[in-house]
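As a plain string of letters, each chain reads:
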Amino acid sequence: MNSRSGSPGKRLDYNFFRQDVLEVAPALIGKWLTVKYPCDKVSRLVIKEVEAYRGIEDLACHARRGLTPRTEPMFCAGGILYIYLVYGIHWMLNIVTGKQNDPQAVLVRAAGDLYGPGRLTKSLGINSTYNHEDIVGSTRIWIEGPGEKLKMCTGPRIGVEYAGEYWSTINWRFFTK
DNA sequence: TCAGTGATTAGG
DNA sequence: CTAATCACTGAG
């Protein structure tokens, strides 16, 4: 699929990102993840798979242990990025949602024809320098809408078995085929 | 199926 | 300081 198909949308603002993560996560499916490179080339990729991580009570969420240096972005008001390294290799792209001191984020797992959260960031060149980036004001990464209307599917989040039966089986992964 | 990889965290 | 853990991927 052509990453430049469809009409460019309007950049999403704080009103969108500062809603609850369970509103924002499904709403992101079909929207355009937009990245601008130093050479001025722009990539627009339709978001196809995300997961919601919600609050200190969510045992799959990094914020379950409270505020730490790593998780500090999640405690900020929505509209910034939370980037971290997992398994020593892969950068994860998360969009912070909700209000300040209510730690939430959406993990972006697939966009365009890039499937897999680690592959996505590798292909787009997203790394720790994007941590805490304000995607409402940034000149190099943002989200555009209203986007495509796509069939929505849900399922359990991937790779969080450690969180116990309840939190590892709740259907907080949203995707389209 | 499984090793690789290194930041992060809790605990001594 | 140590050691366990980890929101994954690609090779076999």
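Residues numbered from 1 in each chain as written. Chains lettered and ligands numbered in written order. Predicted model: local features only at pLDDT ≥ 70, side-chain atom pairs only at ≥ 80, totals over all residues. Heavy atoms only, no water.

(A) View of the overall build of chain A. Scanning chain A from terminus to terminus reveals four helices and 10 strands. When the helices and strands of chain A are placed in sequence order, the string is β-α-α-β-β-β-β-β-β-α-β-β-α-β. For 177 residues, the compact-globule estimate of 2.2 N^0.38 gives 16 Å, and the C-alpha radius of gyration of chain A, at 15 Å, lies within 12% of that figure. In chain A, which comprises 177 residues, the share counted as buried stands at 53%. (Helix = DSSP H or I, 4+ residues; strand = E, 2+ residues; numbered from the N terminus. Rg over C-alpha atoms; globule rule 2.2 N^0.38 Å. Buried < 20%, exposed > 50% of the residue type's maximum accessible area, 1.4 Å probe, protein only.)

(B) Quick peek at the pattern of salt bridges. As enumerated under the stated definition, the model contains seven salt bridges in all. R157 is the salt-bridge partner of D58, the closest N and O atoms lying 2.7 Å from each other. Pair noted here: D58 is in the loop between β3 (42–54) and β4 (81–86) and R157 is in the loop between β9 (153–155) and α4 (164–169), with a separation of 99 residues, a long-range link. For D58, a relative accessible area of 0% gives the class buried. The class for R157 is buried, based on a relative accessible area of 2%. Here R140 and E133 are joined by a salt bridge, their closest N and O atoms 3.1 Å apart. Judged by relative accessible area, R140 falls into the partly exposed class, the value being 23%. When its relative accessible area of 16% is taken as the criterion, E133 is described as buried. Taken together, the shared-partner salt bridges connect E49, E51, R109 and R173 into one network. (Salt bridge = Lys/Arg side-chain N within 4 Å of Asp/Glu carboxyl O.)

(C) Structural detail: the protein's contact with DNA strand C. Looking at DNA strand C, there are 20 residues lining it, with H62, N94, G118, R119 and Y162 nearest. Near the protein, within 4 Å, the atoms of DNA strand C are sugar or phosphate in 59% of cases. Within the side chain of Y84, one N or O atom sits 3.1 Å away from a base nitrogen of DNA strand C. Interatomic distance of 2.7 Å between a side-chain N/O atom of R119 and a phosphate oxygen of DNA strand C. Contributions of two or more residues to the surface near DNA strand C are made by β4, β5 (90–96), β6 (104–111) and α3 (117–124). Residues belonging to the surface near DNA strand C are distributed by class as follows: 12 nonpolar, six polar and two charged. (Near = heavy atom within 4 Å. Polar contact = N/O pair within 3.5 Å; in protein donor to acceptor, adjacent residues only side chain to side chain. Nonpolar A, V, L, I, M, F, W, Y, C, P; charged D, E, K, R; others polar.)

(D) Up close: the protein's contact with DNA strand B. Near DNA strand B the following residues occur: R65, T68, P69, R70, Y87, G88 and I89. T68 is positioned such that a nitrogen or oxygen atom in its side chain is 2.3 Å from a phosphate oxygen of DNA strand B. The separation between a base nitrogen of DNA strand B and a polar main-chain atom of G88 is 3.1 Å. The class makeup of the residues in the surface near DNA strand B is three nonpolar, two polar and two charged.

(E) Summary view of the environment of R140. Tracing the chain through its elements places R140 in the loop between α3 and β8 (141–145). Residues R140 and P117, 23 residues apart in the sequence, show an inter-C-alpha distance of 19 Å. Among all residues touching R140, those that are not within four sequence positions of it are T34, V35, K36, T129, Y130 and E133. A polar contact of 3.1 Å, which involves the side chain of R140, links it to the side chain of E133. (Contact = heavy atoms within 4.5 Å.)

(F) Representation of the side chain of N94 in the model. As for its position among the elements, N94 is in strand β5. If near-sequence neighbours (up to four positions away) are discounted, N94 is found in contact with I80, L81, Y82, I83, Y84, A105, V106 and L107.

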